[in-house]
Amino acid sequence: LNGKIVAITGATNGLGLELSKKVYNLGATVIAIGRSPAKLSNMVKELNPNGDDDKRIVTVLADLSDMNSVSAAGDEIKSRFKSIDYLVNNAGMTNNSYQKQETVQRFDTVFAVNYLSHFLLTEKLLPLLEKSKLNGGSRIVQVSSSLHFQAQTKDLITSLDSIAPEASLPSDAKIHNMRAYGNSKMAQIYHMRALNRQLEKSGANVKVVSICPTWVATHIAGSSFKNVLDVFAFHAHSYGLSSILNAMFAP
């Protein structure tokens, strides 16, 4: 991956961190997008323990629950790079408490972090992806989930009462919050399909792929469940990465 540029959201934990290590060790320049300055700093130390002045690690601060922050991150990347070869929309969260969660723009937090932020970031960075010189074209990887089966189609459709789909709005209803993760992952898949149709019509050499990483031992469902996943699930530093790597590199 010498000379290739890979942008990764959620690059400081779990799959994002292990993917950052993997592509960095293969020679890529990593654009690591995360919300914690301390975790971004620790990630840089993990990738480059010698503390050398390494231009192959670029950190970008972004709170994916705040669309203004996501927009600013996209602008920062556009100001620093002329092209991108891979964008991996990896960051994600669940609503473990099944209670109402609301962003500063008054969106459902799970839907905003998992889907809306990545929709916005993808739109921002698409011109850079279209300029990639990668043989076979650049790739956008949506880290979705087979739990998209939990989605309710009616939650993702706009109504006469609101231009925003119900899934995007915060709610006190327990069933809404139980479906939030599935709805956000289904929205990612719909975005992939729509974007591929758009890119095919425009002739852009960009492909969008949705994947499920299977059960992976990360903290997405909380620390307690992480202990269970450590025993029964795949690990982020090994087979847990396979779906993402396949989506990035398979012809």
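Our subject is the structure listed above.
Given the structure is predicted, the values throughout are model-derived calculations rather than measurements.

Parameters at a glance
- Residues numbered from 1 in each chain as written.
- Predicted model: local features only at pLDDT ≥ 70, side-chain atom pairs only at ≥ 80, totals over all residues.
- Heavy atoms only, no water.
- Helix = DSSP H or I, 4+ residues; strand = E, 2+ residues; numbered from the N terminus.
- Rg over C-alpha atoms; globule rule 2.2 N^0.38 Å.
- Buried < 20%, exposed > 50% of the residue type's maximum accessible area, 1.4 Å probe, protein only.
- Axes fitted to C-alpha atoms, helices over the stretch in contact; angles between N-to-C directions.
- Parallel < 35°, antiparallel > 145°, perpendicular 65-115°, else oblique.
- Left-handed = near helix turned anticlockwise from the far one by under 90°.
- Contact = heavy atoms within 4.5 Å.
- Nonpolar A, V, L, I, M, F, W, Y, C, P; charged D, E, K, R; others polar.
- Phe/Tyr/Trp six-rings, centres within 6.5 Å; stacked < 30°, edge-to-face > 60°.
- Pairing = 2+ DSSP bridges.
- Right-handed = clockwise from strand over helix to strand, strands pointing away.
- Core = buried A, V, L, I, M, F, W, Y, C linked by side-chain atoms within 4.5 Å.
- Expected span 1.5 Å × (residues − 1).

Colleague: What exactly am I supposed to notice about the overall build of the chain here?
Modeller: Assigned secondary structure in the chain consists of seven helices and six strands. Each helix and strand of the chain, placed in order from N terminus to C terminus, yields the pattern β-α-β-α-β-α-β-α-β-α-β-α-α. Relative to its length of 251 residues, the chain is compact, with a C-alpha radius of gyration of 18 Å against a globular reference of 18 Å. Buried residues in the chain amount to 49% of all 251 residues.

Colleague: Help me understand the packing of helix H1 (residues 14–25) against helix H7 (residues 242–249) in this model?
Modeller: A pair of packed helices is captured by two measures, namely the crossing angle of their axes and the spacing between those axes. Running from N to C, H1 and H7 point in directions that differ by 50°, and their axes come no closer than 11 Å. Taken together, the axis directions place H1 and H7 in an arrangement best described as oblique. The element H1 and its partner H7 pack so that their crossing is right-handed. On the side of H1, the interface is formed by Leu15, Leu19, Lys22 and Val23, while H7 contributes Ile244, Leu245 and Met248. Classifying every residue of the contact of H1 with H7 by side-chain character gives six nonpolar, no polar and one charged.

Colleague: What should I look at first to understand the packing of aromatic side chains in this one?
Modeller: Think of a pair of aromatic rings as described by two things: how far the centres are apart, and how the planes are tilted against each other in angle. Taken as a whole, this structure holds three aromatic pairs when the rule is applied. Within the aromatic cluster, the residues linked to one another by ring pairs are Phe111, Tyr115 and Phe119.

Colleague: Hey, could you run me through the pairing of strand S5 (residues 138–143) in this one?
Modeller: Note on strand geometry: in a regular strand, side chains alternate between the two faces of the sheet. Where burial is concerned, most of S5 is hidden: six out of the six residues are buried. Burial along S5 is two-sided: Ser138, Ile140 and Gln142 and Arg139, Val141 and Val143, pointing in opposite directions, are all buried. For strand S4 (residues 86–89) and S5, the ladder comprises four bridges, and the chain directions are parallel. Counted as the bridge partner of leucine 87 is isoleucine 140 from S5. Traced from S4 through helix H4 (residues 109–130) to S5, the parallel crossover comes out right-handed.

Colleague: Got a minute to help me understand unusual backbone geometry in this structure?
Modeller: Leaving glycine out, the prevailing phi sign among residues is negative, and the prevailing peptide bond configuration is trans. For arginine 106, which is not glycine, the phi dihedral falls at a positive 65°. With respect to the helices and strands, the residue arginine 106 is situated in the loop between S4 and H4.

Colleague: Which parts of the structure should I look at to understand the nonpolar core?
Modeller: The nonpolar side chains of a soluble globular protein tend to be buried, and buried together. Core analysis: the biggest nonpolar cluster contains 28 residues, and Ile31, Ile77, Ile84 and Ile140 have the highest contact counts within it. For this core, the elements supplying multiple residues, two or more each, are strand S1 (5–9), strand S2 (29–34), strand S3 (57–61), helix H3 (67–80), H4, helix H5 (174–202) and strand S6 (206–211). The element that contributes the greatest number of residues to this core is H4, accounting for six residues. Excluding anything up to four places from it in sequence, isoleucine 77 contacts Ile31, Ile33, Val60, Ile84, Leu125 and Leu128. Counting 25 residues, the second-largest nonpolar core is a separate cluster that includes Leu17, Tyr86, Leu241 and Ala247.

Colleague: Would you take a moment to explain H1 for this structure?
Modeller: Quick reminder: α-helices carry 3.6 residues per turn. Residues three or four places apart thus point the same way. Taking 1.5 Å as the rise per residue, H1 with 12 residues should run 16 Å; its terminal C-alpha atoms sit 17 Å apart, in good agreement. Within H1 the residues assigned to the buried category are Leu15, Gly16, Leu17, Glu18, Leu19, Ser20, Val23 and Tyr24. Contacts made by the buried residues of H1 are with S1, S2, helix H2 (37–47), S3, S4 and H7. Looking one or two residues past H1, glycine 27 carries a phi angle of roughly 105°, positive in sign.

Colleague: Looking at this model, I keep getting lost on the environment of leucine 134. Mind explaining?
Modeller: Along the chain, leucine 134 falls in the loop between H4 and S5. Here the alpha-carbon distance between leucine 134 and isoleucine 5, two residues 129 residues apart in the chain, equals 9.8 Å. The residues contacting leucine 134, other than those within four sequence positions of it, are Lys4, Asp85, Tyr86 and Asn205.

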